[in-house]
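# Descriptive analysis of the structure
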Amino acid sequence: MLRSFDALALRQMRTRRLRVLLTGFGIVLGVGMVFGVLLLVGTIRHTFDQLIDAAWGKSDVIVMGQGNGNMPENTVARLRTMPGVRDAGGMVGALFARLDPNGNAIKGQKGHMLVAGFDTRHPPFDYRVQSGRLMQHGPEVIVEKAWARRHGIHLGDRVGVATPTGRVRLHVVGIFGFGGNVSFGDQGFAGVPLDEARRLSDQPSGWWQISVSASDRSQAEALRTRIAATLGPGFEVKTPKGFGADLQQQLQGLNVVLYFFSGIALFVGGFLILNSFNMTVLQRMREIGMLRTLGATRRMVVRTVLLEALAIGAVGTALGLGLGLGLSLGLISLMKGLGLPIGGLHVTLMPVVAAAVVGLIATTLGALWPARRAGRISPVRAALGGVHASRKLPVRRALIGLALFLPGLIFGGSLWFGNQSSGPLSGVIAIVGTMLMFVGMSLAAGVIIGPLVRGLAVPLRRLFPTGGRLASDAAQSNPRRTASTAVMLTIGLSVIVVNSAMSASFLGSISDQIDRVYARDFTVQYVGLPIEQGGGPIGPEVRREIAAMPGAGVVTPVRAVLYKLPKAGGAQPGLAMGVDPAAFGQVDKTPVAGASRSAALAGVARGGVIINRGYADSAGLHVGDKVPLRGPAGSRAAPVVGILKTTTTFSGEMMQMSLATMREVYGVHTDNELLVKAQPGASTAVLGRRIDAYVNRAHPNLESLSTADVKNQIKRQISQQFNFFNAILAIAVIVSLLGVINTLAMSVVERTREIGVLRALGASRWLVRASMLDESLLITVAGAIAGVAIGLLIAFVWVAGLDSLMPGIAFHFPVGSTVAVVFAAIALGVLAAVLPARRAARLKPVEALSYE
Amino acid sequence: MSTTAVQIEQRHAASRFDRSGPAIEVHALTKTYGAGATKVDALRGVDLTIARGEFVAIMGPSGSGKSTLLHILGALESSTSGTVAVRGERYDGLDDKRLTRFRRDHIGFVFQFFNLLGSLTALENVLLPALIARDRPAAHMERAQALLATVGLADRADHLPSELSGGEQQRVSIARALLLEPEIVLADEPTGNLDSRAGQGVLRLLREVNESEGHTVVMVTHDPAAAAAADRVVFLRDGQLAGEVPGGSTADVVRFFTTLDRGSG
């Protein structure tokens, strides 16, 4: 028994079960995505905190050199004598590669061993030996327990590793755990005696990291300030929490993109609500008019619509939270399987509230417009019935849509891909601008999609005479509904196309650059660690051996430090590259602005730096300005002698300096990359084989890459990220598919009588099904073409706009993904038609004919 | 339906209309749609007075403005100029909110297409006006059930409209129109969607509602037989009154209607 007028709204939902389900499911998917991502990010963050707490829980201050540089030998002693310091423990860090039984380096994260060399009397991190004993001297090692178990390493084993100075077998004398029993994933941690570490990694003096414990833990912050002041510039002095905060900040940029992409599914879900309720209101015009004749006010009618929407939104949000939970659990176990360090699911209140609020907002916003329209329905409609959809092109709307679309089009590129120097604010602006673009797209949709549908109808009618004609009439009889259904697909697909096009453009531009400026034949690097990721350690003998090979012309080292460059904006670390100015010019021909290449390199030899466009822009540097370089070994002001004119393989801020400068300021003296060029006249193939043989034999933790290999490496890296994003966007496309089903179902209802006539005249069920399929194809293919066209337009303009930040970037057409997208649209069109086609075919002719 | 045809006749002859003030007064009513080239004058100065307790039928060819007149009477639309009043209370210049309230309190509507809510039972449909007026349904339960009995559907109170015939649905909508005791009942082609037998039943019901309960009824119809059930038949042509005929005889109605048509030449 109905108790109130508001309860009417809920009762009405019963009569439109399919539509309510389809609409609600859009919200479920959208909220699920957003919640899942929020939980995942929250869990990662929590894991970080846990890891840092586990490893450094007992330390109060962590001291490192600026730019991960090598701190002077006396630093530990200096710290120990400072007031307020209870103890200071330093360590030397090295990266070893584990070897398989055949003596080859195990590729990937699995084979990495982060080795700390330290004095066990002054441990630099928290650990507890659980079996065996501590290492004492010589090639003894203690390994982390979870990693040992994961890779089948036991007490007493001898583990073969490749170090910067050659192969070694380490004797496992102990197994330890970090405080707190946290898993570090596949990341291997090990401890070796300090002297052994120094010998194996060729770091005879100095420290990589020092942990300080305070006599009074409550005064930790004050101690930190004091230490920073005493040591001066060139050192990074932080509390463990401060460290964690830095690392979290670096993830921030990625997080923003992740949130946004998952939010697109919700946006399309809100759009689905809009379309669905518009259809409902249109269908119910007579009914609503009747309620008005009975005395319902406009406001009451609006409330009815909003109430129904909220009911759907509330249930959808609740279910979406459940879905998101499952999704995040799945992603976490996926990450664990890949060996990434991640703890158990960490659920806090914030993600729940945020996802729920966003879900309800999307629902309400989607229902506002239809609710307003419902309120405007005149009571006369009770007698006159509904209106036919207008066939007029909504020109004014399209113009407003265009106005909203243009700012995002013009500035979006630099907002999303330019240096994030304004921090989170520019992220917010980028998101708002892009959302406005979507709104603009939806408003202007009719103008684009209408002609598209008409155009597509022609070949369709040719192919399927009867079904096609029916379908095109149906689609064109209500152009607004057709357009708004198609535009849902357009939005999702356009983002996928932009994603793919930007990825292809970056890849293509970098590839072109490499072809133009690389003058080297081989790149020797640590396995899986290109210079753009900081590279791994390469021992000094490698350079000597290769230089001594017949046919070797230029063998020049490059050293790298990843850290936040002086005066740079943004949270992402920049890259400082140390090169040999005398030889570098022979293996790299990147043009420089502000000087000739040789003059610039000469300037570098005198202590200057060459920077890339991104750094110049974010730090406001010009040729001649001085960059304050500060490291643990020294400081100096280096003049900018040139600005690189092309896109660099490193996506952030970059600076090139001489090897001497890098050593004198940051204390770096280990090679991270060797660039090899064959002697003129010598065979590159032969030289390449020689280098491969040597590396495999003596230094299995290194690899030698040809220029083609380097390009593939970059391609893999960029593709991975963009493919991941495309997977997330696929959810938005699925939501738009729900919208298509919705529209088709409505179309079946509207055309019931028509279908009855057809069947009475002898049309088969198959023909009726086919006409549904045709209508679906019209909508989805039109939406897809619009999506591809708009996506390419956006990407093209964005790439053009990025030229100032990333000189030399050019638009590359993503052929593969474009074709894939169109095919996907066709497949989706077929899928979406299945249910409605079945319904249409099942209509009994007699019943259909008498349908009012 | 307990009254026989004879009894209807007797009551008809014996009743005196309540002359203590007209139920509806319409003066110089005009309604224009659109402007310029697409201007349509639906009503061009209509004067009409309907006494309390009268049953008036409004007839006319299509385009005569009869539906428009009914809609304005029913406070569904506003007139362009002129006055409309129910029991002396004018409602031609009211804003939408006040018009809505006026409608709710004074007018009951019966439509050609029944307009019942498919998801509600017959009883719930009858109670709908109470819900809209924000009253507790319990307060009107007795009256709703009595009304359903009056229209002869007491045993179908729990049925959904899909389970009722066309005639039964229309009777439910009549019961609904009466729930809040409106001053006037307006019927827009109430028999238009029914077969002749069901239609007759509805007309008998409207007559009974008019006589035993004293509601003023104004009905728009194009069916002369239906119009004959009224006390008075008023004709509209081209937005203006074109005469009237007392009810009772279908033949008279038809005759007048034909002259009207012929007169338009």
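The rules behind these values
- Residues numbered from 1 in each chain as written.
- Chains lettered and ligands numbered in written order.
- Predicted model: local features only at pLDDT ≥ 70, side-chain atom pairs only at ≥ 80, totals over all residues.
- Heavy atoms only, no water.
- Helix = DSSP H or I, 4+ residues; strand = E, 2+ residues; numbered from the N terminus.
- Buried < 20%, exposed > 50% of the residue type's maximum accessible area, 1.4 Å probe, protein only.
- Contact = heavy atoms within 4.5 Å.
- Rg over C-alpha atoms; globule rule 2.2 N^0.38 Å.
- Areas by Shrake-Rupley, 256 points an atom, 1.4 Å probe, with all protein chains shown as cover.
- Lys, Arg positive; Asp, Glu negative; His and termini not counted.
- Charge placed at Lys NZ, Arg CZ, Asp CG, Glu CD.
- 1 Å grid on protein atoms, 1.4 Å probe; cavity = no way out; pocket = protein on both sides within 12 Å on 5 of 7 lines; lining within 4 Å.
- Points joined across faces, edges and corners; volume = space filled by probe spheres on them.
- Salt bridge = Lys/Arg side-chain N within 4 Å of Asp/Glu carboxyl O.
- Patch = residues over 30% accessible without salt bridge, like charges linked within 9 Å, V, L, I, M, F, W, Y side chains within 5 Å.
- Core = buried A, V, L, I, M, F, W, Y, C linked by side-chain atoms within 4.5 Å.
- Buried area = accessible area lost by both parts, 1.4 Å probe.
- Pairing = 2+ DSSP bridges.
- Axes fitted to C-alpha atoms, helices over the stretch in contact; angles between N-to-C directions.
- Polar contact = N/O pair within 3.5 Å; in protein donor to acceptor, adjacent residues only side chain to side chain.
- pLDDT = per-residue confidence, 0-100.
- Domains from an automatic or database assignment.
- Phe/Tyr/Trp six-rings, centres within 6.5 Å; stacked < 30°, edge-to-face > 60°.
- Lys NZ or Arg CZ within 6 Å of the ring centre and 35° of its normal.
- Parallel < 35°, antiparallel > 145°, perpendicular 65-115°, else oblique.
- Nonpolar A, V, L, I, M, F, W, Y, C, P; charged D, E, K, R; others polar.
- Expected span 1.5 Å × (residues − 1).
- Bend = angle between axes of the 7 residues up to and from the residue.

## Let's talk about the overall build of chain A
Within chain A, the secondary structure is distributed over 26 helices and 20 strands. Overall size of chain A, expressed as C-alpha extent along the three principal axes, is 95 × 65 × 50 Å. Considering chain A as a whole, with its 852 residues, one finds that 56% of them fall into the buried category. Considering only contacts in chain A between residues 6 or more positions apart, those separated by 24 or more positions represent 83%.

## Focus: the overall build of chain B
Each helix and strand in chain B was counted, giving nine helices and 10 strands. For 265 residues, the compact-globule estimate of 2.2 N^0.38 gives 18 Å, and the C-alpha radius of gyration of chain B, at 18 Å, lies within 12% of that figure. Taken over the C-alpha atoms alone, chain B extends approximately 50 × 45 × 40 Å along its principal axes. Expressed as a percentage of the 265 residues in chain B, the buried residues total 51%. For chain B, the proportion of contacts with a sequence separation of at least 24, taken over those separated by at least 6, is 69%. Looking at chain B as shown, the accessible area adds up to about 11,300 Å², and 47% of this sits on carbon and sulfur atoms. Side chains of chain B carry 28 positive and 33 negative charges; the gap between the two charge centres is 3 Å.

## A short note on empty space enclosed by the protein
All names here are of chain A. For the structure shown, the criterion picks out nine cavities of 30 Å³ or more. In this model, the largest cavity occupies a volume close to 270 Å³. The wall of the largest cavity is formed by 24 residues, among which Y518, D588, T590, T649 and M654 lie closest to the centre. Going through the elements one at a time, α15 (479-517), β13 (574-579), β18 (654-658) and β19 (673-678) are the ones with two or more residues in the lining of the largest cavity.

## Considering the pattern of salt bridges
Where charged atoms from two side chains of opposite charge approach closely, those side chains can pair. Residue and element names in this part refer to chain A. A full pass over the atoms with the stated rule returns 32 salt bridges over all chains. The partner of E664 in a salt bridge is R636, with the nearest N and O atoms 2.2 Å apart. Of this pair, E664 sits in helix α20 (residues 659-666) while R636 sits in strand β17 (residues 634-644), placing them 28 residues apart in sequence. Residue class for E664 comes out partly exposed when judged on its relative accessible area of 38%.

## Overview of the environment of V830 of chain A
Residue and element names in this part refer to chain A. Here V830 is to be found in helix α25 (residues 815-842). Residue V830 is classed as partly exposed on the basis of its relative accessible area, which comes to 39%. For V830 and A840, which are 10 residues apart along the polypeptide, the C-alpha to C-alpha distance reads 15 Å. When neighbours within four sequence positions are excluded, V830 is seen to be in contact with L773 and L777.

## Considerations on a positive patch on the surface
Residues and elements named next belong to chain A. A cluster of basic residues, R765, R769, R838, R842 and K844, forms a positive patch at the surface. Broken down by secondary-structure element, the contributors of at least two residues to the positive patch are α24 (765-801) and α25. With respect to the helices and strands, R842 occurs in helix α25.

## A few points about the nonpolar core
Within the largest apolar cluster, 87 residues are counted, with the highest numbers of intra-cluster contacts made by I264, F438, I449, M502, F506 and I794 of chain A. With 18 residues, the top contributor of residues to this core is α15 of chain A. With sequence-adjacent residues up to four places away left out, F438 of chain A is seen in contact with F260, I264, F267, I491 and V495 of chain A. Of all hydrophobic cores here, the second largest spans 72 residues; its members include I377 of chain A together with V26, V46 and V84 of chain B.

## So, the interface of chain B and chain A
With 25 residues of chain B in contact, the opposing surface of chain A contributes 29 residues. Overall, the association of chain B and chain A removes approximately 2,600 Å² of surface from exposure, summing both partners, and the carbon and sulfur fraction of that is 65%. Among the residues chain B hides against chain A, the three largest losses belong to L117, S119 and I132 of chain B. Together they make up 21% of the total. Counting across the interface, chain B meets chain A through three salt bridges.

## Considering the sheet that holds strand β6 (residues 107-110) of chain B
Either a parallel or an antiparallel arrangement is found when strands of a sheet pair, and the pairing is made through backbone hydrogen bonds. Residue and element names in this part refer to chain B. In spatial order, the strands read β6-β7-β8-β3-β9-β10; together these six strands make up an open sheet with mixed pairing. Looking along the sheet, the strands with just one partner apiece sit at the ends: β6 and β10 (240-246). The sheet shows a mean angle of 20 degrees between the axes of neighbouring strands, taken without regard to direction. Both strand β3 (residues 55-59) and strand β8 (residues 216-220) contribute to a ladder of four bridges, which runs parallel. Considered in β8, the bridge of V56 is made with V218.

## A few points about the side chain of D60 of chain A
Residue and element names in this part refer to chain A. Secondary-structure assignment places D60 in the loop between α2 (17-56) and β1 (61-65). A distance of 2.9 Å separates the side chain of D60 from the side chain of R217, its partner in a polar contact. When residues no more than four places from it in sequence are discounted, the contact partners of D60 are V212, S213, A214, R217, A220, K238, T239 and P240.

## Section: the confidence of the model for chain B
Chain-level statistics for chain B give a pLDDT mean of 85 and a share of 90% at 70 or above. Among the scores for the predicted complex, ipTM is 0.83 and pTM is 0.85.

## A short note on the domain arrangement of chain A
Residue and element names in this part refer to chain A. Considered domain by domain, chain A is made up of domain 1 (1-57 + 245-388), domain 2 (61-238), domain 3 (445-518 + 709-852) and domain 4 (522-705). Relative to domain 3, the C-alpha centre of domain 1 lies at a distance of 23 Å. In this complex, domain 1 contributes 26 residues to the contact, which on the side of domain 3 involves 29 residues. Between domain 1 and domain 3, the buried area comes to about 2,400 Å², and carbon and sulfur atoms account for 82% of it. Summed over the shared surface of domain 1 and domain 3, the result is zero salt bridges.

## What to know about the environment of Y666 of chain A
Residues and elements named next belong to chain A. With respect to the helices and strands, the residue Y666 is situated in helix α20. In sequence terms Y666 and L792 are 126 residues apart; their C-alpha atoms lie 45 Å from each other. Sequence-distant contacts of Y666, defined by excluding residues within four places in its chain, comprise Q66, G67, G69, N70, Y563, L629, R630, G631, P632, A633, M657 and T661. Polar contacts involving the side chain of Y666 include one to the side chain of Y563, which spans 2.3 Å.

## Quick notes on the packing of aromatic side chains
Residues and elements named next belong to chain A. For the structure shown, the criterion picks out 17 aromatic pairs over all chains. When the ring of F178 is compared with that of F189, the centres are 5.4 Å apart and the planes differ by 90 degrees; the resulting orientation is edge-to-face. One end of the pair, F178, is in strand β7 (residues 166-178); the other, F189, is in strand β8 (residues 188-193), with 11 residues separating them in the sequence. For F178, a relative accessible area of 8% puts it in the buried group. F189 gets classed as buried once you look at its relative accessible area, which sits at 18%. Their ring planes at 65 degrees and their centres at 5.5 Å tell us that Y563 and Y666 sit as a pair that is edge-to-face. Linking Y563 in strand β12 (residues 552-563) with Y666 in helix α20, this pair joins segments that are 103 residues apart in sequence. Neither Y563 nor Y666 differs from the other in exposure class; each is buried. Grouping aromatic residues by their ring pairs yields a cluster made of F118, F125, Y127, F176, F178 and F189. The cationic tip of K238 hangs over the ring face of F243; the distance from NZ or CZ to the ring centre is 5.9 Å.

## Thoughts on the packing of α2 of chain A against helix α7 (residues 240-283) of chain A
Residue and element names in this part refer to chain A. Close contact between α2 and α7 brings their axes to 8 Å; oriented N to C, the two are set at 175 degrees. Between α2 and α7, the angle is such that the two are roughly antiparallel. A class-by-class count of the residues in the contact of α2 with α7 yields 23 nonpolar, 13 polar and three charged.

## Considerations on helix α10 (residues 349-375) of chain A
Residue and element names in this part refer to chain A. Spanning 27 residues, α10 covers 37 Å between terminal C-alpha atoms, matching the ideal 39 Å at 1.5 Å per step. Bending of α10 peaks at approximately 35 degrees at the position of L368, with proline P370 no more than four residues after it. Along α10, the positions that sit buried rather than exposed are P351, A355, A356, G359, A362, T363, G366, A367, P370, A371, A374 and G375. Buried residues along α10 sit against α2, α7, α8 (285-293) and α9 (298-337).

## Observations concerning the environment of A230 of chain B
All names here are of chain B. For A230, the location among the structural elements is in the loop between α8 (224-228) and β9 (232-237). Given a relative accessible area of 0%, A230 falls into the buried group. Sequence spacing of A230 and P246 is 16 residues, and the spatial spacing of their C-alpha atoms is 8.0 Å.

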